[in-house]
Amino acid sequence: MRESPPTLPGLHHVTAITANAQANIDFYSGVLGMRLVKLTVNFDDPGSYHLYYGDELGRPGTIMTFFAWPGAGRGRVGPPQVTATSLAVPEDSLPFWTDRLKLHRVITRPIVERFGEKGVCFTDPDGMQLELVGVAHGDGQPSKRGPVASQHGIHSIHGVTISEEGHETTARLMTEVMGFKAIGRDQNRFRYQAGKTDGQAAIVDLLCVPGAPHGNMGPGAVHHVAFRTPDDSQQTSWHRTLTAAGMNVSPVMDRTYFHSIYFREPGGVLFEIATDAPGFTVDQSADALGKKLILPSWLEKHRTEIEHNLTKLRLKN
């Protein structure tokens with residue numbers, strides 16, 4: 001029997017870098033009202049925090065994560081890199097968000113319209129570019145525990161902007177291998193949408209900026225973008241598909257809350273494909289999410305040392 005092609009419904013998460021875990025929590029939970037769904041450490045560097053935010057349960061497509069690199073110099077935003085992350089909010093909530101951001105002394109750029117959608121642009125405390133985009137319908141379940149009323153809350157990621165010196169080879173990978181559809185162009189911005197989806201957490205804009213100064217990693221920069229696939233079996237199929245397309249793909253890595261494979265697209269941006277399961281309630285109840293430091297089983301025996309080396313945080317959940 002011929003194997004069915006694996007599916008890629010859209011984005012799973014975006015992982016960026018912060019220099020200050022407390023300021024990051026204050027902003028994403030305190031200002032934007034996202035729920036801190038997991039407080040853990042970077043599994044590859046257990047001396048530093050890894051923070052996860054999302055909707056009420058941190059469902060795939062709603063997740064922003066941050067590696068905390070205290071004391072690191074600010075990164076430079078530029079190609080090849082994810083240079084903006086957009087978050088979906090109800091379209092009639094944009095005036096609320098403009099007022100809220102102003103109240104918290106966040107400088108915004110005027111509401112802009114792109115591909116028929118309106119949005120507000122601003123940066124987080126590390127200088128990372130964010131956009132709130134108004135959408136007619138959202139499938140996420142914004143946290144009811146935070147300072148933002150759920151009717152105005154962030155539903156999910158809307159999409160990402162990836163800046164490249166040239167977009168053609170990346171576009172070919174996305175359309176011919178990853179199943180995205182080209183749905184629009186606005187000057188040097190090319191929009192793609194994950195196949196078989198309603199558009200939530202499914203938009204990738206390729207911004208063609210030849211000659212722009214290259215970006216580098218550090219606080220304020222996006223480390224990688226993850227796409228979602230339903231389960232391990234489909235992830236295995238993606239590994240085969242990507243390898244056949246000439247990508248150098250990592251082995252499967254167990255991230256406790258999902259399983260991951262990584263590869264660099266032709267322009268150089270780090271892509272991940274992560275499974276939907278098992279999710280953030282695998283080691284905490286829904287009510288307990290984000291309320292204390294959780295370590296993977298292989299690091300639990302080092303808890304005392306790890307906690308001693310980490311900066312104490314004031315949590316907002």
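Structure: above.
What this report covers is the structure whose coordinates are included nearby. Since this is a predicted model, take the numbers as computed values, not measurements.

Let's talk about the side chain of Glu265
- Within the element layout of this structure, Glu265 appears in the loop between strand S15 (259-264) and strand S16 (270-275).
- Lacking a salt bridge, the buried Glu265 has Arg264 as its closest oppositely charged neighbour, with an N-O distance of 7.5 Å.
- There is a polar contact of 2.5 Å between the side chain of Glu265 and the side chain of Thr170.
- There is a polar contact of 2.7 Å between the side chain of Glu265 and the backbone nitrogen of Gly267.
- In this structure Glu265 touches Glu164, Thr170, Leu173 and Phe271, once residues within four positions along its chain are discounted.

A word on the environment of Leu11
- If you trace the backbone, Leu11 turns up in strand S1 (residues 10-18).
- We classify Leu11 as buried; its relative accessible area is 0%.
- With 149 residues separating them along the chain, Leu11 and Val160 place their C-alpha atoms 8.9 Å apart.
- The contacts of Leu11, once residues within four sequence positions are left out, are Pro60, Gly61, Ile157, Gly159, Val160, Ala201, Ile203, Val204, Val225, Ala226, Phe227 and Arg228.

Points about empty space enclosed by the protein
- Taken as a whole and assessed by the stated rule, the structure comprises three cavities of 30 Å³ or more.
- Approximately 100 Å³ is the volume found for the largest cavity.
- Mapped onto the lining of the largest cavity, the elements with two or more residues apiece are strand S6 (108-114), strand S7 (117-123) and strand S8 (129-135).
- Of all the elements, S7 adds the most residues to the lining of the largest cavity, at five residues.
- When the residues that make up the lining of the largest cavity are grouped by side-chain class, the tally is four nonpolar, three polar and six charged.

Overview of the sheet that holds S16
- If you trace the eight strands from one edge of the open sheet to the other, you get S2-S3-S4-S1-S13-S16-S15-S14, paired in mixed fashion. Two strands in the sheet have a free side with no partner beyond their single neighbour: strand S2 (35-42) and strand S14 (253-254).
- Pairing of S1 with strand S13 (residues 222-229), which is carried by six bridges, proceeds in the antiparallel orientation. Counted as the bridge partner of Thr15 is His224 from S13.
- Here helix H1 (residues 21-31) sits on the sheet and contacts S1, S2, strand S3 (45-54) and strand S4 (63-68); the angle it forms with S3, its principal contact strand, is near 5 degrees.

Observations concerning the pattern of salt bridges
- Using the criterion set out here, one finds 14 salt bridges in the structure.
- Note that Glu300 and Arg303 form a salt bridge whose closest N and O atoms lie 2.5 Å from each other.
- One salt-bridge network, held together by shared partners, links Arg35, Glu56, Arg145 and Asp287.

A closer look at the packing of aromatic side chains
- For the structure on display, the rule yields 14 aromatic pairs.
- Ring centres 5.4 Å apart and planes at 85 degrees place the aromatic pair Phe96 and Trp97 in the edge-to-face group.
- Ring plane angle 85 degrees and centroid distance 5.8 Å describe the contact between Phe180 and Phe227, whose orientation is recorded as edge-to-face. With Phe180 in strand S10 (residues 180-186) and Phe227 in strand S13, this residue pair connects regions lying 47 residues apart in the sequence. For the residue pair Phe180 and Phe227, the accessibility class agrees, reading buried in each case.
- Here the aromatic cluster, defined as three or more aromatic residues joined through ring pairs, consists of Phe27, Tyr28, Tyr53, Phe66 and Phe122.

Here's the deal with H1
- Of all eleven residues in H1, nine are buried; the element is thus mostly enclosed.
- Residues of H1 that are buried include every one of Ala21, Gln22, Asn24, Ile25, Phe27, Tyr28, Ser29, Gly30 and Val31, and no others.
- Where H1 begins, one side-chain oxygen reaches toward the backbone nitrogen of Gln22, 3.1 Å away; that side chain belongs to Asn20.

Description of the sheet that holds S7
- Ordered by their spatial adjacency, eight strands build an open sheet running S6-S7-S8-S5-S9-S12-S11-S10, and the pairing between neighbours is mixed. With one partner strand each, in any of the chains shown, S6 and S10 form the two edges of the open sheet. Each strand axis lies, on average, 25 degrees off the axis of its neighbour in the sheet, ignoring direction.
- Bridging between S7 and S8 involves five bridges; their strand directions are antiparallel. Note that in S8 the partner of Gly119 across the bridge is Val133.

Here is what the cut-offs are and how they apply
Residue numbers here run from 1 along each chain, matching the order of that chain's written sequence. Given that this is a predicted model, residues contribute local features only at a pLDDT of at least 70 and side-chain atom pairs are listed and counted only at 80 or more, while totals for whole chains, interfaces and linings are drawn from all residues. Hydrogens are left out, water is left out, and the side-chain values use all remaining heavy atoms of the structure. For helices the rule is a DSSP run of H or I covering at least 4 residues; for strands it is a run of E covering at least 2, with both sets numbered from the N terminus onward. Exposed residues in this analysis have more than 50% of their type's maximum accessible area, buried residues have under 20%, and partly exposed residues fall in between, with area computed by a 1.4 Å probe over protein chains only. Only four residue types enter the charge count: Lys and Arg as positive, Asp and Glu as negative, with His and the chain ends excluded. The rule for a salt bridge is simple: a side-chain nitrogen of Lys or Arg has to be within 4 Å of a carboxyl oxygen of Asp or Glu. Any pair of N or O atoms that falls within 3.5 Å is considered a polar contact. Within protein, one atom must be able to donate a hydrogen and the other to accept it, and sequence-neighbouring residues count only if both atoms are side-chain atoms. Should any heavy atoms of two residues lie within 4.5 Å, those residues are considered in contact. Here a cavity means grid points, on a 1 Å grid over the protein atoms only, where a 1.4 Å probe fits yet cannot get out; a pocket means an open set of points with protein on both sides within 12 Å along at least five of seven lines; lining residues are those with an atom within 4 Å of a point. Grid points are joined across faces, edges and corners, and a volume is the space filled by probe spheres set on the points. Three classes are used, and their members are as follows: Ala, Val, Leu, Ile, Met, Phe, Trp, Tyr, Cys and Pro are nonpolar, Asp, Glu, Lys and Arg are charged, and the others, Gly among them, are polar. At least two bridges found by DSSP between two strands are what make those strands a pair. Geometry is summarised by axes, namely lines fitted to C-alpha atoms with helices restricted to the contacting stretch, and by angles between N-to-C directions that run from 0 to 180 degrees. Working definition: a ring pair exists when centres of Phe, Tyr or Trp rings (six-membered ring for Trp) sit within 6.5 Å. Plane angles under 30 degrees give stacked, over 60 give edge-to-face, the rest tilted.

Distances and angles like these do not, on their own, reveal function.
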